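Remarks on the overall topology
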Amino acid sequence: MKYLNKYPFKDRTVGFWIGLGVAALAIISAILYIALCNSDKYFSTLVFVMMLVGGLTYATVMFTNFKIAALIPVVFYIIGFGFAIDFTLPPLSDVWNGVVFNSVGSNPIMLLTFSIIFLVCAIVGIATNFMNQKKEN
């Protein structure tokens, strides 16, 4: 039982709170992604699932004392970002090249916005892994 945390918010550092904010951002942006982009031609359910699972797995940081627990959500953020940018580039390249018939039914600016949000989640999540999650006594 020494690995379980009875009080998840007791003695937490700035790194924990930043990571919790990133998890909240990932969950909120995943919900907005499915609400705003699900009729898009380049919508990916995998991106939604990865970002949602990444945000929810931050509970492992809250309820366990494992040092590596903060890395688990970051893996999901990175996978979600990778697939998001993969689905964003085809319609975005059509906009850059002036091709209008290939990306009908797609909103590349919204896809790019969500890709940038997912990138921010991944980068800040990586940064929180180098911060202490709990105050040392």
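Conventions and cut-offs
- Residues numbered from 1 in each chain as written.
- Predicted model: local features only at pLDDT ≥ 70, side-chain atom pairs only at ≥ 80, totals over all residues.
- Heavy atoms only, no water.
- Helix = DSSP H or I, 4+ residues; strand = E, 2+ residues; numbered from the N terminus.
- Buried < 20%, exposed > 50% of the residue type's maximum accessible area, 1.4 Å probe, protein only.
- Axes fitted to C-alpha atoms, helices over the stretch in contact; angles between N-to-C directions.
- Parallel < 35°, antiparallel > 145°, perpendicular 65-115°, else oblique.
- Left-handed = near helix turned anticlockwise from the far one by under 90°.
- Contact = heavy atoms within 4.5 Å.
- Nonpolar A, V, L, I, M, F, W, Y, C, P; charged D, E, K, R; others polar.
- Polar contact = N/O pair within 3.5 Å; in protein donor to acceptor, adjacent residues only side chain to side chain.
- Expected span 1.5 Å × (residues − 1).

As for the overall build of the protein chain
- Looking only at helices and strands, the protein chain features 5 helices and 0 strands.
- Ordered by position from the N terminus, the helices and strands of the protein chain form the series α-α-α-α-α.
- On the principal axes, the C-alpha backbone points of the protein chain span a range of 60 × 20 × 15 Å.
- The 137 residues of the protein chain split such that 39% are buried.

Concerning the packing of helix H4 (residues 71–97) against helix H5 (residues 108–128)
- The contact between H4 and H5 brings their axes to 8 Å, and the two run at 155°. In this view, H4 runs roughly antiparallel relative to H5, as classed from their interaxial angle. When the axes of H4 and H5 are compared, the crossing they make is left-handed. Touching Val74, Tyr77, Ile78, Phe81, Ala84, Ile85, Phe87, Thr88, Pro91, Leu92 and Val95 of H4 are Pro108, Leu111, Leu112, Ser115, Phe118, Leu119, Cys121, Ala122, Gly125 and Ile126, all from H5.
- Residue composition of the contact of H4 with H5, by class: 18 nonpolar, 3 polar and no charged.

Examining the side chain of Thr64
- Following the sequence through the fold, Thr64 ends up in the loop between helix H3 (59–63) and H4.
- Look at Thr64 and you get buried, because its relative accessible area is 16%.
- Polar contacts involving the side chain of Thr64 include one to the main-chain carbonyl oxygen of Thr60, which spans 2.2 Å.

Notes on H5
- Taking 1.5 Å per residue, 21 residues should reach 30 Å; H5 reaches 30 Å between its end C-alpha atoms and fits that length.
- The complete set of buried residues in H5 reads Pro108, Leu111, Phe114, Ser115, Phe118, Cys121, Ala122, Gly125 and Thr128.
- On its buried face, H5 is in contact with helix H1 (14–37), helix H2 (45–56) and H4.

Some points on the environment of Lys135
- Relative to the assigned elements, Lys135 resides in the segment after H5.
- For the pair Lys135 and Phe16, spaced 119 residues apart in sequence, the C-alpha to C-alpha distance is 9.9 Å.
- Excluding anything up to four places from it in sequence, Lys135 contacts Asp11, Arg12 and Thr13.

Things to note about the environment of Phe48
- Along the chain, Phe48 falls in helix H2.
- Residues Phe48 and Ala30 lie 18 residues apart in sequence; the distance between their C-alpha atoms is 5.2 Å.
- Excluding residues that lie within four positions of it along the chain, Phe48 makes contacts with Ala30, Ile31, Tyr33 and Ile34.

Things to note about H1
- With 24 residues, H1 extends 33 Å between its outermost C-alpha atoms, agreeing within 8% with the 34 Å of an ideal straight helix rising 1.5 Å per residue.
- Those residues of H1 not exposed but buried are Gly15, Phe16, Gly19, Val22, Ala23, Ala26, Ser29, Ala30, Tyr33 and Cys37.
- Residues of H1 that are buried in the fold lie against H2, H3, H4 and H5.

Digging into the packing of H1 against H5
- At a minimum axis separation of 9 Å, H1 and H5 run at an interaxial angle of 160°. Here H5 runs roughly antiparallel to H1, going by the angle between their axes. For the pair H1 and H5, the sense of crossing is left-handed. Of the residues in H5, those touching H1 at Gly15, Ile18, Gly19, Val22, Leu25, Ala26, Ser29, Ala30, Leu32, Tyr33, Leu36 and Cys37 are Met110, Leu111, Phe114, Ile117, Phe118, Cys121, Val124, Gly125 and Thr128.
- Its residues placed into classes, the contact of H1 with H5 shows 16 nonpolar, 5 polar and no charged.

Nothing here speaks to function; it is all geometry.
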